[in-house]
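Read off the chains here:
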Amino acid sequence: MSLASDYLGLVLILGLGYIGARLTTLLHLPSVLGLLVVGVVLNVSGLLGSSFLSQSYASQEIRNLAFLIVLIRAGLGISWNDLKRGGFTTFRLGFIPVLFEAFGAAVVGYTYLGFEPYIAAMLGLSVASLSPALVLPLMMEFKEEERGPTPTLVLTAAPLEVVLVTTLHSVFLGLETATGSLAFSLGMLPVKILGGLAVGAACGWLVCMFRRYKGSVKALRLLGVGTGDSPVRAREDLLVTVVATLGATSICKSLELSYVLAVLALGFMLSLLSTDGCSELKQQLTTLWYLGEVFLFVLIGAQLQLTTLTDAGPSILLVLVIGTAFRSLGVMAALVGLRMPWAQQVFCYFAMLPKATVQAAIGGNMAAENVAHGNYVLTAAVLAVAVFAPLGVVVTKASVARLVGLPGDGSETAVTVMNSELDDFAPKSPQYDCQDQTQRKQERAGPSQGQDQTNGQHQGQDHGQLQRKPSSHGQGQGQAELQWSRELQIVPPWWTPSEG
């Protein structure tokens, strides 16, 4: 091992990773595919040589650092206001589908492959979670295009799925690698969970206090902290957040607490207590993630063993197919009782298919801990990324117009959901039960122009200001009426408007 070979390894990973990511992006595919291919090529060709990056310990530590970025971004992505607006529906969509998929994959691992229960559970969790790096940008794009509340629902539920999967995976991995008895490990589990949450919440609170008062503390002003322009303050916030994240991780590992929950709690506390929503910090972490993404996916591809892929490929595909079939049942179970149109339920299923970040972050943990069948789980995670990263993104983009609506919600399908089918979209709530039955029938039958204006003004007082403007499609009176209905800003009863 030499310094020159170490530098060469860094150059190969960053340089070839950038080229691979750009090529797949030009092909309208997720960049993670190019990064995985670069990692496999580096592994097969032996170009990393004696670089420290080829050592399993160094590779695992670098991937752990990238995993911390995933966790802190997932914690920051949880919006308390959106959780309150979505209510119980958001938690159901964030928890039930991924549990169904993990259960289906675990059943195959336990019954068909003969894995132990813990190993089968970690196999299911390693391939089940969606990728926030792929799903969230898509849902943000659809939300900005005003395609209705369904993309916002998926956008709010996605971080919850990541939180659940990473937490359960760390729990099962801790139980599998525990040296004591099973009863003692189960008894210590609440202590690890609560202790990790407490450490993370405390570190998050300290970071929030620093961000809030750093400009008013005399000692910090003398050092020039918090007195610069906005980019300088953003970099200071990033530095403090990274230090707090590493500190919380170090404390939890030394006390044998759950560092995964600690980092998630730290990010959530920042999102909850910060008055500015941590927008600049999120941008700084996104920039940092570009570098972490390259190392994470290239190194996970370099760790892949092609012999395991060729031998276990068919069984892994069976695991993935059964798991995604169970996810479709989970989406229906999560949305049961809402009377959401089938098209919107199918969109929720498609939108939660892309996989990448979580699989790369936790897929190699079992192999690093020398757990039985760790290489098989790693191969399954990489194959899940290779299949569902492009498939999920392509299907979601191709189906959004037909299943959800055109940009601006001017399509007939979207207006039907948001207006005439409003009462069938969810279980009856008191504010809609108290409506007069005759008035409801008139609304469904298509009220007259005068009644349209009266009802529109009434709904505008409750859900937003009425803005009547010409239709963006501009084809006849019918399209104009559809555009007018959209501007009423009516939302389904399960998505209650936030106060104020």
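For the structure itself, consult the block above.
Just so it is clear, the model here is predicted, and its values are computed rather than measured.

## Structural notes on the nonpolar core
- Formed by 119 residues in total, the largest nonpolar core has its most connected members in L93, M139 and F297.
- Here this core gets 13 residues from one element, more than from any other, and that element is helix α18 (residues 374-403).
- If we ignore the near neighbours within four places in the chain, the residues touching M139 are P151, V154, L155, F347, A351 and T396.

## Comments concerning unusual backbone geometry
- Look at E256: it is not a glycine, yet its phi comes out positive at around 60°.
- Along the polypeptide, E256 turns up in the loop between α11 (230-255) and α12 (259-273).
- Overall, E256 belongs to the exposed group, its relative accessible area being 58%.
- Positioned with a positive phi, H373 is a non-glycine residue whose angle comes to about 60°.
- On the secondary structure map, H373 appears in the loop between α17 (365-368) and α18.

## Digging into the environment of F115
- Considering the arrangement of structural elements, one finds F115 in the loop between α5 (88-111) and α6 (117-128).
- Sequence-wise, F115 and H373 are 258 residues apart; in three dimensions their C-alpha atoms are separated by 8.2 Å.
- In this structure F115 touches G109, Y110, A120, L123, H373 and Y376, once residues within four positions along its chain are discounted.

## Considering a nonpolar patch on the surface
- A cluster of nonpolar side chains, L16, Y18, I19, L23, L26 and L47, forms an exposed patch at the surface whose accessible area comes to about 600 Å².
- If you trace the backbone, L23 turns up in helix α1 (residues 3-26).

## What about the packing of α5 against α6?
- At a minimum axis separation of 7 Å, α5 and α6 run at an interaxial angle of 135°. For the element pair α5 / α6, the angle class is oblique. Every pair of crossing elements has a handedness; the one defined by α5 and α6 is right-handed. Along the contact surface, α5 presents V98, E101, A102, A105, A106, G109 and Y110, while α6 presents P117, A120, A121, L123, G124, L125, V127 and A128.
- For the contact of α5 with α6, a count of residues per class yields twelve nonpolar, two polar and one charged.

## Here we look at the packing of aromatic side chains
- Counted according to the given criterion, the structure contains six aromatic pairs.
- With 5.4 Å between their ring centres and 85° between their planes, F115 and Y376 make a pair best called edge-to-face. Of this pair, F115 sits in the loop between α5 and α6 while Y376 is found in helix α18, placing the two residues 261 residues apart along the sequence.
- By relative accessible area, F115 is classed as buried at 6%.
- With 5.8 Å between their ring centres and 45° between their planes, Y349 and F350 make a pair best called tilted.
- On the basis of relative accessible area, F350 is assigned to the partly exposed category, the value being 21%.
- Between K355 and the ring centre of F388, over which it is positioned, the NZ or CZ distance is 5.6 Å.

## Examining the side chain of T396
- Residue position: T396 is located in helix α18.
- In terms of polar contacts, T396 uses its side chain to reach the backbone carbonyl oxygen of F350, at 3.0 Å.
- Apart from the residues within four sequence positions on either side, T396 is in contact with L138, M139, F142, F347, F350 and A351.

What counts as what
Residues numbered from 1 in each chain as written. Predicted model: local features only at pLDDT ≥ 70, side-chain atom pairs only at ≥ 80, totals over all residues. Heavy atoms only, no water. Core = buried A, V, L, I, M, F, W, Y, C linked by side-chain atoms within 4.5 Å. Buried < 20%, exposed > 50% of the residue type's maximum accessible area, 1.4 Å probe, protein only. Helix = DSSP H or I, 4+ residues; strand = E, 2+ residues; numbered from the N terminus. Contact = heavy atoms within 4.5 Å. Patch = residues over 30% accessible without salt bridge, like charges linked within 9 Å, V, L, I, M, F, W, Y side chains within 5 Å. Areas by Shrake-Rupley, 256 points an atom, 1.4 Å probe, with all protein chains shown as cover. Salt bridge = Lys/Arg side-chain N within 4 Å of Asp/Glu carboxyl O. Axes fitted to C-alpha atoms, helices over the stretch in contact; angles between N-to-C directions. Parallel < 35°, antiparallel > 145°, perpendicular 65-115°, else oblique. Left-handed = near helix turned anticlockwise from the far one by under 90°. Nonpolar A, V, L, I, M, F, W, Y, C, P; charged D, E, K, R; others polar. Phe/Tyr/Trp six-rings, centres within 6.5 Å; stacked < 30°, edge-to-face > 60°. Lys NZ or Arg CZ within 6 Å of the ring centre and 35° of its normal. Polar contact = N/O pair within 3.5 Å; in protein donor to acceptor, adjacent residues only side chain to side chain.

That's the geometry; what it means functionally is another story.
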